[in-house]
Amino acid sequence: MVRLAQEHAPIGHTAVRLTHHTQLAPFLKSVTTNRTTRGTCMNVKGSDHSGSSRSHCALILTLYQLDRGSGEYTQTTFNLVDLAGAERPSATGEQRISPLDAWVELVYCKKQLSISAQAALINWELYEVGNQVIRATEAAKQKKTFTPPKQCCTPAAQYLSGCLNGKYHLSMIVCLTQAPQFGWETWFSLQYGTDLSKLKTRVEQRKPKNLKKTIKKLTEEAAKQQVDLSATQPTSKYHLKRVVNLRHLKQTAEWLKLLQQESTQSTIATTTTSSSSTTAPSTEGE
């Protein structure tokens, strides 16, 4: 299950702490394995190609930098997102269904989603994110704060919309096809890139936070979440949400404690009073 934290970052995903660059290749291989792909009439599966992406993929690298002198840390996040492609059912040879029917299947189907439902949800999410780009552009022109949607929107669309508020540098690579029979897909992709190029926001500088105070706050919130979870029945609609939130709080607190511990050990070993230390947990989510 993937939910969103208050800062619109996904929680409930798979998280791995990388301590050396040699761990990166096996990690990326596991990400590729977790992707959902399928051959379609538009994107045929071959021996060296897995076909069409039927899921989005997000690689999220989080860096924590600590100033030992002030005891404050800065969190920087790099998001690399590979969006699943927009494909018309008429071009892929699949049955067309409405986004509503696809959503019902997503909520109630315990097995893997049908290809038709996957396509409908992907196209709907891409369309919704495109709408949020337009909303963010208008808000920036009017010097207003853009607020990502919280309701009637999938977690993926909420997460992607969260990077449009001026707190992130944005870049986008648009993949196109010259095949004449796929003109709509090419037009849709070009329109996507054109709309995003119009988004001009003033990037806000990340403010450092006190490491000890943040760890204390996270620990207290985790304890409160544990009490709430203990009082929640497993059949309650809030149970899974609280399980995911509790795991997220504990995981974040653990990373910050490691940053604090490694910084203290390094300071003792080098007798350095003012330098920085970085730990980089990396996460993957679909």
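Look a little higher up for the structure.
A few points on the structure. (Residues numbered from 1 in each chain as written. Predicted model: local features only at pLDDT ≥ 70, side-chain atom pairs only at ≥ 80, totals over all residues. Heavy atoms only, no water.)

1. Side note on the environment of Val 104
Cut-off, in case you're wondering: By definition, any uninterrupted DSSP run of H or I lasting at least four residues is a helix, any uninterrupted run of E lasting at least two residues is a strand, and each is numbered from the N terminus.
Within the fold, Val 104 resides in helix 3 (residues 99–108). A C-alpha to C-alpha distance of 9.4 Å links Val 104 and Ala 117, two positions 13 residues apart in sequence.

2. Some thoughts on the packing of helix 4 (residues 115–141) against helix 6 (residues 183–197)
As a reminder, the rule being used: Between the N-to-C directions of two axes lies an angle of 0 to 180 degrees, each axis being a line fitted to C-alpha atoms and, for a helix, fitted only over the stretch in contact. Here is the rule for angles: anything less than 35 degrees is roughly parallel, anything more than 145 is roughly antiparallel, 65 through 115 is roughly perpendicular, and the remaining ranges are oblique. Two helices that cross are described as forming a left-handed crossing if the nearer one is turned anticlockwise from the farther one by less than a right angle, and a right-handed crossing if clockwise. When checking whether two residues touch, look at their non-hydrogen atoms; a contact exists if any pair is within 4.5 Å. Each residue receives one of three labels: charged for Asp, Glu, Lys and Arg, nonpolar for Ala, Val, Leu, Ile, Met, Phe, Trp, Tyr, Cys and Pro, and polar for the others, Gly being one of them.
Running from N to C, helix 4 and helix 6 cross one another at 25 degrees; their axes reach a closest spacing of 9 Å. By the criterion of interaxial angle, the relationship of helix 4 to helix 6 is roughly parallel. For the crossing formed where helix 4 meets helix 6, the hand is left-handed. Facing Leu 126, Tyr 127, Val 129, Gly 130, Val 133, Ile 134 and Thr 137 of helix 4, the residues of helix 6 in contact are Phe 188, Tyr 192, Asp 195 and Leu 196. Along the lines of polarity and charge, the residues of the contact of helix 4 with helix 6 split into 8 nonpolar, 2 polar and 1 charged.

3. Things to note about the pattern of salt bridges
Here the idea is simple: oppositely charged side chains can pair when their charged atoms come close. The criterion, for reference: Note on definitions: salt bridges are taken to be side-chain nitrogens of Lys or Arg within 4 Å of carboxyl oxygens of Asp or Glu. Exposure classes here rest on a 1.4 Å probe applied to the protein chains alone. A residue is buried below 20% of its type maximum, exposed above 50%, and partly exposed in between.
Taken as a whole and assessed by the stated rule, the structure comprises 1 salt bridge. In this structure, Asp 228 and Lys 224 form a salt bridge, with 3.3 Å as the shortest nitrogen-oxygen distance. Of the two residues, Asp 228 and Lys 224 both sit in helix 7 (residues 211–230), 4 residues apart, roughly one turn of that helix. Among the residues examined, Asp 228 registers a relative accessible area of 24% and is labelled partly exposed. On the basis of relative accessibility, which here comes to 55%, the residue Lys 224 falls in the exposed class.

4. Side note on the pairing of strand 6 (residues 57–67)
Applied cut-off: Strands were regarded as paired on the criterion that DSSP finds at least two bridges between them.
In terms of strand pairing, strand 6 meets strand 7 (residues 72–82) through 11 bridges, oriented antiparallel. Within the sheet, the bridge partner assigned to Tyr 64 lies in strand 7 and is Gln 75.

5. Describing helix 4
For clarity, the threshold we go by: Given a helix with a known number of residues, its expected span is that number minus one, times 1.5 Å.
Taking 1.5 Å of rise per residue, 27 residues should cover 39 Å, and helix 4 covers 39 Å from first to last C-alpha, within 8% of that figure. At the exit of helix 4 stands Lys 143, carrying a positive phi of roughly 60 degrees.

6. Examining the nonpolar core
The cut-off we apply is this: To define a nonpolar core, start from buried Ala, Val, Leu, Ile, Met, Phe, Trp, Tyr and Cys residues and group those joined through side-chain atoms within 4.5 Å.
Counting residues in hydrophobic clusters, the biggest one holds 14 residues, and the most contacted among them are Tyr 64, Leu 66, Tyr 73, Leu 211, Leu 218, Leu 256 and Leu 259. Of all the elements in the fold, those that place two or more residues in this core are strand 6, helix 7 and helix 8 (239–270). With 6 residues, the single largest contributor to this core is helix 8. Residues Ala 84, Cys 153, Leu 160 and Tyr 192 belong to the second largest nonpolar core, which totals 13 residues.

7. A few points about a positive patch on the surface
Here is the rule: The patches reported here contain residues having more than 30% relative accessible area and no salt bridge. Joining distances are 9 Å for like charges and 5 Å for nonpolar side chains (Val, Leu, Ile, Met, Phe, Trp, Tyr). Note on areas: Shrake-Rupley with a 1.4 Å probe; residue coverage comes only from the protein chains shown. Lys and Arg are tallied as positive, Asp and Glu as negative. Neither His nor the chain termini are counted. Lysine's charge is taken at NZ, arginine's at CZ, aspartate's at CG and glutamate's at CD.
A surface patch of positive charge is lined by Lys 167, Arg 206, Lys 209 and Lys 217. Tracing the chain through its elements places Lys 167 in the loop between helix 5 (155–161) and helix 6.

8. Some remarks on the pairing of strand 7
Once strand 6 ends, the chain turns through 4 residues before running back antiparallel as strand 7, passing Gly 71 with a positive phi of about 75 degrees. Summarising the sheet, strand 7 and strand 8 (residues 209–210) pair through 2 bridges and their orientation is antiparallel. When the sheet's bridge partners are listed, Tyr 73 is paired in strand 8 with Lys 209.

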